[in-house]
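For reference, the chains in residue letters:
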Amino acid sequence: KQVDLVMLTSEAAKSRLECKNEPVVTGLPVRGAMLSADRAACRKKLGIPENRLVILSMGGSLGADAINHAMTELITAEKDNQQLYFIHAMGQYGLAMEEDLKKNGVDPETQENLDLREYIHDMDVCMPAADLLICRSGASSLYEIRALGKASILIPSPNVAENHQYHNAMELVEHKAACMIEEKDLTGTALHSLVEELAAAPERLREMEENARKMAILNSADLIVDNMMQLLPKDATEENA
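Residues numbered from 1 in each chain as written. Predicted model: local features only at pLDDT ≥ 70, side-chain atom pairs only at ≥ 80, totals over all residues. Heavy atoms only, no water.

Asker: Any chance you could break down the overall build of the protein for me, citing the residues and the numbers?
Answerer: The number of helices and strands found in the protein is eleven helices and eight strands. For a compact globule of 241 residues, the expected C-alpha radius of gyration is about 18 Å, and the protein comes in at 20 Å, within 12% of that figure. Projecting the C-alpha coordinates of the protein onto the three principal axes gives extents of approximately 70 × 40 × 35 Å. Across the 241 residues that make up the protein, the buried fraction comes to 45%. Sequence separation of 24 or more characterises 68% of the internal contacts of the protein that already satisfy a separation of 6 or more. Summed over all atoms, the accessible surface of the protein reaches about 12500 Å², with 49% contributed by carbon and sulfur. Averaging the positions of the 24 positive and the 39 negative side-chain charges in the protein gives two centres separated by 2 Å. (Helix = DSSP H or I, 4+ residues; strand = E, 2+ residues; numbered from the N terminus. Rg over C-alpha atoms; globule rule 2.2 N^0.38 Å. Buried < 20%, exposed > 50% of the residue type's maximum accessible area, 1.4 Å probe, protein only. Contact = heavy atoms within 4.5 Å. Areas by Shrake-Rupley, 256 points an atom, 1.4 Å probe, with all protein chains shown as cover. Lys, Arg positive; Asp, Glu negative; His and termini not counted. Charge placed at Lys NZ, Arg CZ, Asp CG, Glu CD.)

Dropping the structure here:
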């Protein structure tokens, strides 16, 4: 309400803010290494055959119990499906997932279609290689999904201010750019059913990718700088020109 300039990642956020001046939609900058990454080259780097459907899943750096439990069930159910390949980040507080998988007959160290990690340090390789993301719906993740044109199953965190991750996810869902499962409805069975549905419908995945890409603003950094420069007094702008 007090600042001169509010910049937003999406048009939908305008209606939820009371601003002194009209807010500007700039999008969110995405690192160039991710934007320029080649899908085939990234898959080769990760050692993933080209004909696999790659599912990248995560719940944040600390992990998310609900996502880890659902992914444990999904990975267990699809352990013998060589058409799928899983890259999952279980997070700092999710290390018990490794033992849970072993109890279900899946050894993360030897399972051929599973790459289980505590944290993904090479997101600029893993995300370009992926066909489907399963993740929270924070602003940064969603903008990477848009910029790279990725299909996704979004599981908004319910533990955030004003349930904003739900509204973030709904914007993509309404544009047919993503699917959503609310955490209260998340089970291994529900996730497995949706993944099976999408895996059997490559044309729907392509539609989601295309719609996500249409929502991206790829010159966000330039727009942010340009809008900030307009706040400077005219003589200061001329000096810096």
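Asker: Residues and numbers for the sheet that holds strand β6 (residues 132-135), please.
Answerer: Across the sheet, six strands lie side by side as β5-β4-β3-β6-β7-β8; this open sheet has parallel pairing. On the outer flanks of this sheet lie β5 (114-117) and β8 (179-180), each paired with one strand and no other. Sheet topology note: the β6/strand β7 (residues 151-154) ladder contains four bridges and is parallel. When the sheet's bridge partners are listed, leucine 133 is paired in β7 with serine 152. (Pairing = 2+ DSSP bridges.)

Asker: Outline the layout of surface pockets, supporting the account with residue identities and numerical values.
Answerer: Put simply, the largest pocket is a space of about 580 Å³. When contributions to the lining of the largest pocket are tallied by element, the ones reaching two or more residues are α6 (139-148) and α7 (164-174). With seven residues, the top contributor of residues to the lining of the largest pocket is α7. When its residues are assigned to classes, the lining of the largest pocket shows nine nonpolar, eight polar and five charged. (1 Å grid on protein atoms, 1.4 Å probe; cavity = no way out; pocket = protein on both sides within 12 Å on 5 of 7 lines; lining within 4 Å. Points joined across faces, edges and corners; volume = space filled by probe spheres on them. Nonpolar A, V, L, I, M, F, W, Y, C, P; charged D, E, K, R; others polar.)

Asker: How would you sum up the side chain of asparagine 113? Please name residues and give values.
Answerer: Mapped onto the elements of the fold, asparagine 113 is located in the loop between α4 (96-103) and β5. A relative accessible area of 1% means that asparagine 113 is categorised as buried. Within polar-contact distance, the side chain of asparagine 113 engages the backbone oxygen of glutamate 78 at 3.3 Å. Among the polar contacts made by the side chain of asparagine 113, one reaches the main-chain carbonyl oxygen of leucine 84 at a distance of 3.4 Å. Apart from the residues lying within four places of it in its own chain, the contact partners of asparagine 113 are Arg52, Glu78, Lys79, Asn81, Gln82, Leu84, Tyr85 and Phe86. (Polar contact = N/O pair within 3.5 Å; in protein donor to acceptor, adjacent residues only side chain to side chain.)

Asker: Which residues make up the side chain of serine 57, and what are the values?
Answerer: Along the chain, the position of serine 57 falls in strand β3 (residues 53-58). By relative accessible area, serine 57 is classed as buried at 0%. Apart from residues lying up to four places away in sequence, serine 57 is in contact with Met71, Ile87, His88, Ala89 and Ile134.

Asker: I'd like a description of the pattern of salt bridges, backed by residues and values.
Answerer: Under the definition given, this model contains 17 salt bridges. Across the salt bridge formed by aspartate 131 and arginine 39, the nearest N and O atoms sit 3.0 Å from each other. Here arginine 39 lies in helix α2 (residues 39-46) and aspartate 131 lies in the loop between α5 (123-129) and β6, a separation of 92 residues in the sequence. Of the charged contacts, one joins arginine 146 and glutamate 171 as a salt bridge, the two residues approaching to 3.0 Å between their closest N and O atoms. With arginine 146 in helix α6 and glutamate 171 in helix α7, this pair connects stretches of sequence that are 25 residues apart. For the pair shown, arginine 146 and glutamate 171 are each scored as buried. Among the charged side chains, a salt-bridge network with shared partners connects Arg39, Arg43, Glu50 and Asp131. (Salt bridge = Lys/Arg side-chain N within 4 Å of Asp/Glu carboxyl O.)

Asker: Account for the nonpolar core, naming residues and giving values.
Answerer: Soluble globular proteins tend to pack their nonpolar side chains together in the buried interior. Counting residues in hydrophobic clusters, the biggest one holds 32 residues, and the most contacted among them are Leu56, Ile87, Leu133, Leu154 and Leu172. Listed by contribution, the elements that provide at least two residues to this core are α2, β3, β4 (84-89), α5, β6, α6 and α7. The residues contacting isoleucine 87, other than those within four sequence positions of it, are Leu46, Ile48, Val54, Ile55, Leu56, Ser57, Asp115, Arg117, Ile120 and Cys126. Counting 30 residues, the second largest nonpolar core, distinct from the first, contains Leu74, Met97, Leu101 and Leu205. (Core = buried A, V, L, I, M, F, W, Y, C linked by side-chain atoms within 4.5 Å.)

Asker: Tell me about empty space enclosed by the protein, residues and numbers included.
Answerer: Summed over the entire model, instances satisfying the criterion amount to one cavity of 30 Å³ or more. Taken as a whole, the largest cavity encloses approximately 30 Å³ of empty space. As for the largest cavity, its lining consists of Val3, Asp4, Leu5, Val6, Cys19, Lys20, Asn21 and Glu22. Each residue belonging to the lining of the largest cavity can be placed in one class, and the counts come to four nonpolar, one polar and three charged.

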